[in-house]
Every structure is written in structure tokens, then in C-alpha cells.
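Coordinate analysis (summary)
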Amino acid sequence: MSSSPLPFDPTQFPRIGIVSSFDELVTARLEGGVNALCWPRVLDGDFGEVERSLPAIDGITTLDEEDLGGLNLNPAGQRAREHLINDQRLLTARGLQPSLDIVPSGEPDLGDSPVRTDVADWHVDSATVKADTYLCTYFGEATEGVLNEDTLGQVHVPGTRAKLLQLYGGADDANFRSYLAEHFYDLHYAANSEARIYSFGIGHLWRIATQYPGSPVPPCIHRAPTTGSDQTRRLLLIS
Ligand SMILES: [Fe+2]
């Protein structure tokens, strides 16, 4: 493993902290406005071979060590598999619950709600207690982030709030705010046309701030990439 060019210009994204080891990634504090930590890595191995070796799937499918172990891979694919397994073990040893997912390509089902609530829309992760999200894209299109300053909560966009209120069918009061939270509308954001967007890149391991009571920093706003059905499936670690 070696250091790599970052997939973003760190001087443009003051909310991202760069760390140089797994230990630092886990122990560094998210404070001073920094709500994302990136451990840049170049992982050797052929992750594409792992992806191609996996069976057809209908939806997001979690892989365990047994699934990976059963794949018949060339040496480069075997190296990639070692990284996949090693990352799982690193996070598990820290008491985390990582999941290695294969994510099918294709447009998300947008439905007809005034606010999207899928992961390919700008959103924050939320928790009831202190918690962070760990993320790594090994193969396929990478996750993206956007600076909080360049966004507005969807429920604060006047036209959108009016539509949500209509859908709710009541007054703009505490019960309405509960309704927004129950439907996850309050976790989604609109990015302005000049928004500064960054890529999480491939192979880099990230730790990002979630929304939880008492968090010292605003949550990291991020989204899964939208992939056409002709694009490859994604290999993604999430914890
Ligand atoms: Fe998320």
C-alpha cells in the first residue's frame, strides 16, 4: 500500500481531515468543523476480478468471508480479496460492524414523493447515540460528498416544505416536524448550483460524522453515485 493522489483538493475542502493510518482514522476527533476523515490508500489487486466473479444479484447483497473465500481468483484477485477481508477484520476488531456489499447498477426508484429518501440523494446518516459511518468504495463509481455550506435541508426549501405540508395535511407544528423525521425527509439536502462536491475516490477509507444528539460537528452530507444499468456493480464497505 502506498500514498496516492487524493480525489479532491484538500485546500478546497476544509471539512475533510487527512489521516495517515487506520489507528489515526479511528481515534482522531471530529471537531473544529471537520466532519470527514480520509485515510488515503492505493490498494493493489484486481477488485474488478472479484466483482466479475460474484453471481448475479437482485438488490444490494452483503458478502461474508465465506462468500469471498469461495471465489476462484487469479493472484491479483486474491490480493484484492485479502484487502477486503483485512478491512473487515480491522473494523470488527474495533467493535464496529462492517458490511461488505455488492451494489447493483441502475437508476434509483424515485417514486413521487416531494423529497427523495434514497441514498443516491444528498443525505446525512443519523443515529440516536454517538456514532460515525465508515465507508470505502473498492470498485465502481465512488461515493460523493458536498460541503454543508453549499446546501439547504430539503425541508427548509420553501416550495418543498409546502408540498410536504400538503402531503401531511395538517399545520406546520411540532407534529409536522415529527412527521418529517419519521419519513427521513429531514435527513435530505438540496445542493446549490455552485456547490463544492468531492469524490471519496477508490480504495480510500473514510470516517464521516453522522447526525446524533450533541454532535460537535455538522453531519457529513454525502450520496451514492447514480449509475446507469450499463455501468459496473459497486463493491462497497459500510459500517
Ligand atoms: Fe449514507
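For the structure itself, look to the data block above.
Residues numbered from 1 in each chain as written. Predicted model: local features only at pLDDT ≥ 70, side-chain atom pairs only at ≥ 80, totals over all residues.

Inspection of the secondary structure assignment puts Thr-128 in the loop between β4 (99-103) and β5 (132-139). For Thr-128, a count of 7 C-beta atoms within 10 Å corresponds to the exposed category. When the C-alpha positions of Thr-128 and Thr-11 are compared, they lie 32 Å apart, and in sequence the two are 117 residues distant. (Helix = DSSP H or I, 4+ residues; strand = E, 2+ residues; numbered from the N terminus. Buried ≥ 20, exposed ≤ 12 C-beta atoms within 10 Å, placed from the backbone.)

A separate point is the sheet that holds strand β10 (residues 205-209). Spatially, seven strands are ordered β1-β2-β10-β5-β12-β4-β3 in an open sheet, and the strand pairing comes out mixed. Across the chains shown, the open sheet's two edge strands, defined by having one partner strand only, are β1 (16-18) and β3 (61-63). Across this sheet, the average inter-strand angle for adjacent strands is 25°, counted without regard to direction. Where β1 and strand β2 (residues 36-39) come together, three bridges link them in parallel fashion. Residue Gly-17 lies in a different strand from β2, and its bridge partner there is Leu-37. Running over the sheet, helix α4 (residues 75-93) touches β4, β5, β10 and β12 (234-238) and is turned about 175° from β5. (Pairing = 2+ DSSP bridges. Axes fitted to C-alpha atoms, helices over the stretch in contact; angles between N-to-C directions. Contact = placed C-beta atoms within 7 Å.)

Residue pairs three or four apart in sequence face the same way in an α-helix, which turns once every 3.6 residues. With 19 residues, α4 extends 27 Å from end C-alpha to end C-alpha; this agrees with the ideal 27 Å at 1.5 Å per step. Listed as buried for α4 are Gly-77, Ala-80, Arg-81, His-83, Leu-84, Asp-87, Gln-88 and Leu-91. Projected onto a plane normal to the axis of α4, the buried residues spread over an arc of 155° and lie on a single side. Turned more than 90 degrees off the buried face of α4, the exposed positions are Pro-75, Asn-86, Arg-89 and Ala-93. Where α4 is buried, its residues meet α2 (47-53), α3 (65-69), β4, β5, β10 and β12. After α4 finishes, the residue Gly-95 shows a positive phi value of roughly 80°. (Expected span 1.5 Å × (residues − 1). Arc of directions from axis to C-beta.)

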